[in-house]
Amino acid sequence: QVQLVESGGGLVQPGGSLRLSCAASGSIFRLDGMGWYRQAPGKQRELVAAISSGGSTNYADSVKGRFTISRDNAKNTVYLQMNSLKPEDTAVYYCNAHLGTALKTTLNYWGQGTQVTVSS
């Protein structure tokens with residue numbers, strides 16, 4: 001059993017910053033790609049940023065230059081530093097992780113989500 005536990009969401013004013021964390025725990029054979037998605041009310045879930053096990057990153061155009069994804073492989077943790085936040089960044093943010101297994105398969109896990117609200 002693997003769990004992804006997110007933290008760091010909250011209410012922030014436009015232009016402010018937040019840092020999200022997501023720690024994976026449980027029976028982890030191999031932690032591959034990790035990422036952050038978000039879903040605003042009435043909208044589809046979208047990729048915000050992703051990072052491979054080797055550190056390669058990918059960002060949505062809407063957050064490039066403002067958000068930074070990073071990971072600590074020793075702690076099985078992925079972070080999302082969000083700067084210059086805008087009201088349109090308001091959403092529930094979900095952590096995602098791809099885990100390799102001893103059977104050479106890949107399993108996909110989601111966190112429970114953390115609310116980020118950008119408002120004055």
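Up top is the structure.
Residues numbered from 1 in each chain as written. Predicted model: local features only at pLDDT ≥ 70, side-chain atom pairs only at ≥ 80, totals over all residues. Heavy atoms only, no water.

(A) Local environment of the nonpolar core. Among the nonpolar cores identified, the biggest contains 30 residues, and Trp36, Leu80, Met82 and Tyr93 are the most heavily contacted of them. For this core, the elements supplying multiple residues, two or more each, are β1 (2-7), β3 (18-26), β4 (30-39), β5 (46-51), β7 (67-72), β8 (77-82), β9 (91-100) and β11 (114-118). Sorting elements by how many residues they give to this core places β9 first, with five residues. Other than its neighbours up to four places away in sequence, tyrosine 93 contacts Glu6, Leu20, Trp36, Tyr37, Arg38, Val48, Phe67, Leu80, Met82, Gly113, Thr114 and Val116. (Core = buried A, V, L, I, M, F, W, Y, C linked by side-chain atoms within 4.5 Å. Buried < 20%, exposed > 50% of the residue type's maximum accessible area, 1.4 Å probe, protein only. Helix = DSSP H or I, 4+ residues; strand = E, 2+ residues; numbered from the N terminus. Contact = heavy atoms within 4.5 Å.)

(B) Local environment of the pairing of β5. Sheet topology places β4 next to β5; five bridges connect them, and they run antiparallel. Looking at the pairing, methionine 34 lines up with isoleucine 51 of β5. Between the end of β4 and the start of β5, which pair antiparallel, lie six residues, with glycine 42 showing a positive phi angle near 80°. In terms of strand pairing, β5 meets strand β6 (residues 57-59) through three bridges, oriented antiparallel. The residue bridging alanine 49 from the neighbouring strand is tyrosine 59, located in β6. (Pairing = 2+ DSSP bridges.)

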